[in-house]
Amino acid sequence: MADGSKPLPGALRWNIGDLTVTALNDGWFQGSLDLVTGISQEEAGALQRAGFRSEAPVVTLNAFLVTGAGRKPVLIDSGYGHFGPTTMGRVPAALALAGVMPEEIETVLLTHLHPDHAGGLVREDGSAAYPNAELVVHADEAAHWLPDDVLSRAPEAAKPYFENARKAVAPYGARLRRHEGGELVPGITAVPLPGHTPGHCGMRIVSGDKSLLMWTDVVHMPAIQFKQPEAGVTFDVDGDQARATRKRVLDEVATEGTFIAGSHLEFPALGTVARDGAGYSFVPALWVAGERQ
């Protein structure tokens, strides 16, 4: 993708005990080093080049589908939808590759309400993209983005983010459930990871003795932030808290050998984290014909 090519919609699945987790590629957008905070652009550019990537970061986006164990399909995030550039909005096509229709989704677990995660909830005509689904979001996230008085006080430059969050959830009406952590549906527990947004949450998926931590936006630019966890992004609502969360999570998953997935890790976005000098490296999971080995 670093050469600007447009990836085809993708869906690859892994077994987690009795559950199946399918990575759904929503596409990508062209970023720049202006998005990086906490370190110099010179250092960020050098890390990009050392990672054999173009100096201007290409940011991948993934959503995830959980099926199996006699449950209705659960979607974790929805992608950008029509809010994003033409290189994105491919979750519906990826779902189709996975053999799932939008009407079959009964639960959408939202890690946070940024448009690249919630924009795909709504069609261009304003209707619900998942007409039978309940939305589940952390109470702090809803309180940050959705109230009328919050929108009126938001800085002008930030208002589109608040407006898009409200548009994304509007057609679901009362089918919006707020939570404060804990098990959201059987086998999937919210893991609060605040900083990127106030209610930013990962999702821990457990079946039997197998588990996966979907850490959503702990890392946006893999070539930079694994090697230099000090680096943040301009999208962080609280940069200091996001940095502290990233350092803690990277230390924990490297120590414990946790199987992880990320919204902005290059597709198929699942693997483990290893210590690498003063930083870390991402070790992609080995897959054959879409199955984790």
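Above this note sits the structure.
Fair warning: this is a prediction, and the values are worked out from it, not measured in the lab.

Participant: Which parts of the structure should I look at to understand the overall build of the protein chain?
Facilitator: Regarding its fold elements, the protein chain presents eight helices and 18 strands. In terms of overall size, the protein chain behaves like a compact globule, its C-alpha atoms giving a radius of gyration of 18 Å where 293 residues would be expected to give roughly 19 Å. The principal-axis extents of the C-alpha atoms in the protein chain amount to approximately 50 × 50 × 35 Å. Out of the 293 residues belonging to the protein chain, those deemed buried represent 54%. Looking at charge distribution, the protein chain has the averaged site of its 24 positive side-chain charges lying 2 Å from that of its 35 negative ones.

Participant: Looking at this structure, I do not really get the nonpolar core. What am I missing?
Facilitator: Where a protein is soluble and globular, its nonpolar side chains tend to be buried together. Within the largest apolar cluster, 41 residues are counted, with the highest numbers of intra-cluster contacts made by Phe64, Met203, Trp215 and Val273. Among the nonpolar cores identified, the runner-up in size contains 33 residues, and Ala129, Val137, Phe162 and Ala168 belong to it.

Participant: How should I be thinking about the pairing of strand E2 (residues 19–30) in this particular structure?
Facilitator: For a regular strand, the rule is simple: side chains alternate between the two faces of the sheet. Counting buried positions along E2 gives eleven out of twelve residues, so the element sits mostly inside the fold. With eleven bridges joining them, E2 and strand E4 (residues 58–68) adopt antiparallel strand pairing. Among the inter-strand pairings, Phe29 is bridged to a residue of E4, identified as Val59.

Participant: Which parts of the structure should I look at to understand the pattern of salt bridges?
Facilitator: Two side chains that carry opposite charge are able to pair once their charged atoms sit near each other. Within this structure, the stated rule accounts for twelve salt bridges. A salt bridge links Glu134 to Arg177, with the nearest nitrogen and oxygen atoms 3.2 Å apart. Here Arg177 lies in strand E8 (residues 176–179) and Glu134 lies in strand E7 (residues 134–138), a separation of 43 residues in the sequence. Residue class for Glu134 comes out partly exposed when judged on its relative accessible area of 27%. What makes Arg177 partly exposed here is its relative accessible area of 28%. The residue Asp240 makes a salt bridge to Arg243 at a minimum N-O spacing of 3.0 Å. Here the residue Asp240 and the residue Arg243 both occupy positions in helix H8 (residues 239–256), the gap between them amounting to three residues, near one helical turn. One connected set of salt bridges, linked through shared partners, spans Glu230, Asp240, Arg243 and Lys247.

Participant: Would you mind going over unusual backbone geometry with me for this structure?
Facilitator: Negative phi characterises most residues that are not glycine, and trans characterises most peptide bonds. With an omega dihedral of 10°, the bond running from Phe267 to Pro268 counts as a cis peptide bond. Within the element layout of this structure, Pro268 appears in the loop between strand E14 (260–261) and strand E15 (270–276). Of note in this structure, Phe52 is not a glycine but carries a positive phi near 60°. Assignment of secondary structure puts Phe52 in the loop between helix H1 (41–50) and E4.

Participant: It is not clear to me how the side chain of Ser207 should be interpreted in this structure. Could you clarify?
Facilitator: Tracing the backbone through its elements, the reader meets Ser207 in strand E11 (residues 201–207). By relative accessible area, Ser207 is classed as buried at 11%. The contact partners of Ser207, leaving out residues within four places of it in the chain, are Ile16, Gly17, Asp18 and Leu19.

Definitions and limits used
- Residues numbered from 1 in each chain as written.
- Predicted model: local features only at pLDDT ≥ 70, side-chain atom pairs only at ≥ 80, totals over all residues.
- Heavy atoms only, no water.
- Helix = DSSP H or I, 4+ residues; strand = E, 2+ residues; numbered from the N terminus.
- Rg over C-alpha atoms; globule rule 2.2 N^0.38 Å.
- Buried < 20%, exposed > 50% of the residue type's maximum accessible area, 1.4 Å probe, protein only.
- Lys, Arg positive; Asp, Glu negative; His and termini not counted.
- Charge placed at Lys NZ, Arg CZ, Asp CG, Glu CD.
- Core = buried A, V, L, I, M, F, W, Y, C linked by side-chain atoms within 4.5 Å.
- Pairing = 2+ DSSP bridges.
- Salt bridge = Lys/Arg side-chain N within 4 Å of Asp/Glu carboxyl O.
- Contact = heavy atoms within 4.5 Å.

Structural measurements only, silent on function.
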